[in-house]
Amino acid sequence: MGLKASSSLLFLTILLGVSSIVSAVNITRALDKYPEFSTMTELLAKTKLTPIINKRQTITLLALSNDAIGSISGRPEDELKNILMNHVVLDFYDGLKLKAIKDKSTMLTTLYQSTGLGQEQNGFLKCSKTNGKIYFGSAVKGAPQTAEYITTVFRNPFNLSVVQISMPIVAPGLGDPVEVPPSPPMSSPPAPSPKESADTPAPGPAEEDVYADSPPGAAPETAPVSSPETAPASAPSEDGSPAPSPENAGKKKMAAADEVEPPTSASNNGLSFGAILVLSFVVSFARF
């Protein structure tokens, strides 16, 4: 009986050990997948915070990109360590949980607070919502809330979450504050393409003369171009019927001329015989 109990206890011990190893936080392994956070990985190792973080079962790292962390990377090692500990939250928060916060602001406990060195709540952070956006800042009264939540980089539910913020958080008493980066300038509307202006044809000499003769502000008048297909119809005749077009009138005249038959040879012979009879009659009358 005692042997079975000892075997069961040993099995549970091994199982708990394996589960703790599997669920243990490994911040280096999580950040190695994202080269844009390589500087933060180096600074956590430099300040000896990596093994301290990895011993925790549940944390959220407020990660800074290589560009964003540049404003604090050159500070003394002790000051830098305290600032970085204020970016390690001792609870699990990802994008879904942050957006689900109903209160306007929430207090978050950081790794710096666990050292017992915190003063006037500079070991706590405040997470607040403004105009649909999420901001982080020191919980010290009057401290600015300017570090904006950008995205969730990595999440292992209830153990490790890495969320990116826009700028470092330097609590009062831990160093000089970081200035808020200026907003990007507004982009001006693009200029018209030179190709479009080149494609516009220049006015010809005739058009220039028309523009020159026109009064200022008046649109140029163009002479109408007549064609057989678009020529205006002639005025109607007096009897109300529309007058034929010149082409149709010419066709009718040619048809009328074709209808008149030329004089035949029989009619010419008749006229000559009649003239002979008249002359004969006149000569006979003269003899009497």
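Details of the structure are given in the entry above.
This write-up is about the structure you can find in this document. (Residues numbered from 1 in each chain as written. Predicted model: local features only at pLDDT ≥ 70, side-chain atom pairs only at ≥ 80, totals over all residues. Heavy atoms only, no water.)

### Regarding the pairing of strand 5 (residues 133-138)
A regular strand places its side chains on the two faces of the sheet in alternate fashion. For strand 5, a buried count of five out of six residues is recorded, marking the element as mostly surrounded by other parts of the structure. As paired elements, strand 4 (residues 124-130) and strand 5 share six bridges and run antiparallel to each other. Looking at strand 5, one finds that Leu 125 is bridged to Ser 138. Linking two consecutive strands that pair antiparallel, namely strand 4 and strand 5, is a turn of two residues; a positive phi of about 55° is found at Asn 131 within it. Where strand 5 and strand 6 (residues 147-156) come together, two bridges link them in antiparallel fashion. Each residue of the ladder has a partner; that of Phe 136, found in strand 6, is Ala 147. (Buried < 20%, exposed > 50% of the residue type's maximum accessible area, 1.4 Å probe, protein only. Helix = DSSP H or I, 4+ residues; strand = E, 2+ residues; numbered from the N terminus. Pairing = 2+ DSSP bridges.)

### Here's the deal with the pattern of salt bridges
For the structure on display, the rule yields three salt bridges. Two residues, Arg 75 and Glu 79, come together in a salt bridge whose shortest N-O distance is 3.0 Å. For Arg 155, the salt bridge identified is with Asp 94, shortest N-O distance 2.9 Å. With Arg 155 in strand 6 and Asp 94 in the loop between strand 2 (88-89) and helix 6 (95-99), this pair connects stretches of sequence that are 61 residues apart. According to the relative accessible area criterion, Asp 94 is buried, its value standing at 4%. (Salt bridge = Lys/Arg side-chain N within 4 Å of Asp/Glu carboxyl O.)

### As for the side chain of Ser 161
Relative to the helices and strands, Ser 161 is located in strand 7 (residues 160-165). Of note is the side chain of Ser 161, whose polar atom sits 2.6 Å from the backbone oxygen of Tyr 93. Excluding anything up to four places from it in sequence, Ser 161 contacts Ile 59, Thr 60, Leu 61, Phe 92, Tyr 93, Asp 94, Thr 152, Phe 154 and Arg 155. (Polar contact = N/O pair within 3.5 Å; in protein donor to acceptor, adjacent residues only side chain to side chain. Contact = heavy atoms within 4.5 Å.)

### Topic: the environment of Lys 99
Structurally, the position occupied by Lys 99 is in helix 6. Between the C-alpha atoms of Lys 99 and Lys 133, which are 34 residues apart in sequence, the distance is 8.8 Å. Not counting residues up to four positions away in its chain, the partners in contact with Lys 99 are Lys 129, Ile 134 and Tyr 149.

### Concerning unusual backbone geometry
We note that Glu 120 has phi near 55°; this positive angle belongs to a residue other than glycine. Its location among the elements puts Glu 120 in the loop between helix 7 (111-114) and strand 4. Given a relative accessible area of 72%, Glu 120 falls into the exposed group. A positive phi angle, near 65°, is found at Gln 121, a position not held by glycine.

### Quick look at helix 5 (residues 77-85)
Of all the positions in helix 5, only Leu 80, Ile 83, Leu 84 and Met 85 are classed as buried. Tucked into the core, helix 5 has its buried residues touching helix 3 (38-46), strand 2 and helix 7.

### So, the sheet that holds strand 4
Taken in spatial order, the seven strands line up as 2-1-7-6-5-4-3 in an open sheet, and their pairing is mixed. With one partner strand each, in any of the chains shown, strand 2 and strand 3 (105-109) form the two edges of the open sheet.

### Regarding helix 3
The complete set of buried residues in helix 3 reads Met 40, Thr 41, Leu 43 and Leu 44. The buried residues of helix 3 occupy one face: seen down the axis, they fall within an arc of 165°. Residues of helix 3 that are buried make contact with helix 2 (27-31), helix 4 (50-54), strand 1 (59-63) and helix 5. In the segment just after helix 3, Lys 48 is the residue with positive phi, at about 60°. (Arc of directions from axis to C-beta.)

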